[in-house]
Amino acid sequence: MRYWKTAIGLVLTGVMLFPVYWMINVSFTRDTDMRKSPPSWFPVNGTLEGYRAVLDQQLPYLSVSLVVGLGTVALTLLVSAPAAYSLAKLRPRGGGVLGFVLLIAQMIPGIIMAMGFYAIFLSTGVLNTIPGLIVADSTLAVPFAVLIFTAFMSGIPEELLQAARTDGAGTFRTFWSIVLPVSRNSIITVSLFAFLWAWSDFVFASTLDQGGDHQPITLGIYHYIGNNNQQWNAIMATAVIASIPATILLIIAQRYVAAGVTAGAVKD
Amino acid sequence: MAARTRSGQWAAWAFLAPVAVYLLVFYAYPLYRNVELSLRNYTVRSFVQGHAPFTGFANYIKIFGDATFGPALWHTVVFTVVSLAFQFGIGLALAVFFSRNFRLSATLRALFLVPWLLPLIVSASTWSWMLNSDSGVINVVLGAFGIDPVNWLTSPDWSLWSVTIANIWIGIPFNLVVLYSGLQGISPAIYEAAALDGAGGWQRFWKVTFPLLRPVSAITLLLGLVYTLKVFDLIWIMTKGGPSGSSTTFATWSYRLGFGNLVPSFGPGAAVGNLLIVMALIFGLIYIRVQRRQAHT
């Protein structure tokens, strides 16, 4: 009886993940077989042409995405961790309002932020630059990060902070040597999501960096499709490579991912 | 509380200062610029040099009268409602299924997260190729059942359905995970009591699971609604809102006005964007209200 359910579960997962399988399959398909009917269900006469094209053409895009992703993580942590410590433990006057503003901020569509950023970036000269893109991408993560950190830091026992204070540690010292190390898990969760969102971003990249010399991988794929060269094995190979961070994230940090998804939506 | 002292307040706000400045500079200011864009008549030249004439609500009147307005509104509603209905229905069914812990259930549930984690451009381009009229695998499978090939992305009758299908696929994991965690919160004792009273599986779902899951469901749907209103990348990459506007929503319309043409019309683009913000905020505020009320009970 139990195995029945596992079997159904396997079939459902198979159906759900078929597009992912198909992406991998197409990435190995030869150009000549691409429009074959019926298509090859398995990459039997596989080719690495697509991946060779990625190595030749997409490495600059990938490294830009890496830099933008890491920069976004750094900026997000820098801004959100101290704020969350304050909201959770220091009871600032007006803290409630700020928390409310952050909830609202999460709901503003990226495409609208992009238009405002475009106007500002154009006049300040940061249009088409990596720092500009990092700033824009961080707006995807900062509200979420503050909310996650606040939820976590509220759970740190008051006695722990009191003990530090008794030993003569100031507010900053307590934050740096006690609160941050204890919050390691939430730092990992926030960093993973911030990186993934920056890595996946298309809205800001296509509006704020469309004329840049350094473009992220999402634009790399977009140009591939737009060029109409119909090299679908190369497009799909790039897509496979671009999915690697998400895969790593799922493998090494599965429980953090599920925690992150539910944290915004369900109270404990 | 010691932190309510004056020096405590100084320290508290010193830690809050970065995020407060950040919100002002990188949220409030872009939004303010966006409102300003929508109230002036910007051209490419005045966009760079400034001094665009103030025109009040002219841009708004223009977009309300635009031939695209009606269809875009209708597409936004259809896209959102159909996406939500299927994401929620399928997500709930899967959550109930996965909550019967069986061998491999945790691993398979984790695998279901993959579509949600993939970059949208990856999902969108994969679906584009799968839905290709001539060589797409979907038409091949349909052909095996004797169904004629469908022009998924190139026919005005089907483009909106194509992007909706892809969006449902992307949204299922979120619904599954949140509803699953909601199910975990229902005490097994209640099910046992229902079983003792002779309730069958189907009855248990409708009489126990469904009512008890209502708070989590409300939150899932509202949050899903706010997310779905924002969807832009997926539609733009798959169809660019076409053919002939048949899959244009407010989000893609706004982008096309501002960035998609050779001669950008920033004013009307910003105006459409602000309408979208208002829609998202209405449902966002309802969401916050519902969540607050649940936190208090």
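Residues numbered from 1 in each chain as written. Chains lettered and ligands numbered in written order. Predicted model: local features only at pLDDT ≥ 70, side-chain atom pairs only at ≥ 80, totals over all residues.

Comments concerning the overall build of chain B
Consideration 1: Summing up its helical and strand segments, chain B has 15 helices and zero strands in all.
Consideration 2: For the C-alpha atoms alone, the extent of chain B along its principal axes is close to 75 × 75 × 30 Å.
Consideration 3: Counting across all 297 residues of chain B, residues that qualify as buried make up 43%.
Consideration 4: Looking at chain B alone, contacts between residues at least 24 apart form 67% of all its contacts between residues at least 6 apart. (Helix = DSSP H or I, 4+ residues; strand = E, 2+ residues; numbered from the N terminus. Buried ≥ 20, exposed ≤ 12 C-beta atoms within 10 Å, placed from the backbone. Contact = placed C-beta atoms within 7 Å.)

Considering the overall build of chain A
Consideration 1: Summing up its helical and strand segments, chain A has 15 helices and zero strands in all.
Consideration 2: Within chain A, the proportion of its 268 residues that are buried is 50%.
Consideration 3: By sequence separation, contacts in chain A at least 24 residues apart represent 78% of the contacts at least 6 residues apart.

Observations regarding the domain arrangement of chain A
Consideration 1: Structurally, chain A comprises domain 1 (1-47) and domain 2 (57-263).
Consideration 2: At the junction of the two partners, domain 1 of chain A supplies nine residues and domain 2 of chain A supplies six residues. (Domains from an automatic or database assignment.)

Notes on the confidence of the model for chain B
Residue and element names in this part refer to chain B.
Consideration 1: Residues at a pLDDT of 70 or more form 98% of chain B, whose mean pLDDT is 85.
Consideration 2: Ranking the elements of chain B by mean pLDDT puts helix 2 (residues 44-49) last, at 70, and helix 4 (residues 69-99) first, at 92.
Consideration 3: This complex was scored by the predictor with a pTM of 0.87 and an ipTM of 0.84. (pLDDT = per-residue confidence, 0-100.)

Quick notes on helix 13 (residues 232-242) of chain A
Consideration 1: Across the 11 residues that make up helix 13 of chain A, a large majority, 11, are buried.
Consideration 2: Among the residues of helix 13 of chain A, those classed as buried are Trp232, Asn233, Ala234, Ile235, Met236, Ala237, Thr238, Ala239, Val240, Ile241 and Ala242 of chain A.
Consideration 3: In this structure, the buried residues of helix 13 of chain A make contact with helix 2 (18-27), helix 3 (49-57), helix 4 (59-90), helix 12 (217-226) and helix 14 (244-252) of chain A together with helix 7 (120-130) of chain B.

Describing the packing of helix 4 of chain B against helix 12 (residues 214-230) of chain B
Residues and elements named next belong to chain B.
Consideration 1: Viewed as axis vectors pointing N to C, helix 4 and helix 12 meet at an angle of 135°, and their least axial separation amounts to 10 Å. Compared by their axis directions, helix 4 and helix 12 come out oblique. Here helix 4 and helix 12 pass one another in a crossing that is right-handed. Contacts from Thr80, Ser83, Leu84, Gln87 and Phe88 in helix 4 reach Thr220, Leu221, Gly224, Leu225, Thr228 and Leu229 in helix 12.
Consideration 2: Of the residues belonging to the contact of helix 4 with helix 12, the class tally is five nonpolar, six polar and no charged. (Axes fitted to C-alpha atoms, helices over the stretch in contact; angles between N-to-C directions. Parallel < 35°, antiparallel > 145°, perpendicular 65-115°, else oblique. Left-handed = near helix turned anticlockwise from the far one by under 90°. Nonpolar A, V, L, I, M, F, W, Y, C, P; charged D, E, K, R; others polar.)

Things to note about unusual backbone geometry
Consideration 1: The phi dihedral of asparagine 128 of chain A is positive, around 65°, even though this residue is not glycine.
Consideration 2: Checked against the element boundaries, asparagine 128 of chain A lands in the loop between helix 6 (110-124) and helix 7 (130-153).
Consideration 3: A positive phi angle, near 55°, is found at lysine 240 of chain B, a position not held by glycine.
Consideration 4: Within the secondary structure, lysine 240 of chain B sits in the loop between helix 13 (233-239) and helix 14 (250-260).

With respect to the packing of helix 7 of chain A against helix 10 (residues 184-200) of chain A
Residues and elements named next belong to chain A.
Consideration 1: Where helix 7 meets helix 10, the axes come as close as 9 Å, and the angle between the chain directions of the two elements is 165°. Taken as axis vectors, helix 7 and helix 10 run roughly antiparallel relative to one another. Handedness of the crossing formed by helix 7 with helix 10: right-handed. Touching Asp137, Leu140, Ala141, Phe144, Ala145, Ile148, Phe149 and Phe152 of helix 7 are Ser186, Thr189, Val190, Phe193, Ala194, Trp197 and Ala198, all from helix 10.
Consideration 2: Of the residues assigned to the contact of helix 7 with helix 10, the class counts are 12 nonpolar, two polar and one charged.

Observations regarding the confidence of the model for chain A
Low-pLDDT portions of the prediction should not be read for the details of their coordinates.
Consideration 1: When pLDDT is averaged along chain A, the result is 84, and 93% of the positions lie at 70 or above.
Consideration 2: No element of chain A has a lower mean pLDDT than helix 15 (residues 254-263) of chain A, at 65, and none a higher one than helix 4 of chain A, at 92.

Here we look at the environment of glycine 116 of chain A
Consideration 1: Mapping glycine 116 of chain A onto the fold places it in helix 6.
Consideration 2: Leave out the neighbours within four places in its chain, and glycine 116 of chain A touches Pro30, Leu31, Arg33 and Asn34 of chain B.

Re the environment of histidine 223 of chain A
All names here are of chain A.
Consideration 1: On the secondary structure map, histidine 223 appears in helix 12.
Consideration 2: On the neighbour-count criterion, histidine 223 (15 C-beta atoms within 10 Å) is partly exposed.
Consideration 3: Along the primary structure histidine 223 and isoleucine 148 are separated by 75 residues, whereas in three dimensions their C-alpha atoms are 35 Å apart.

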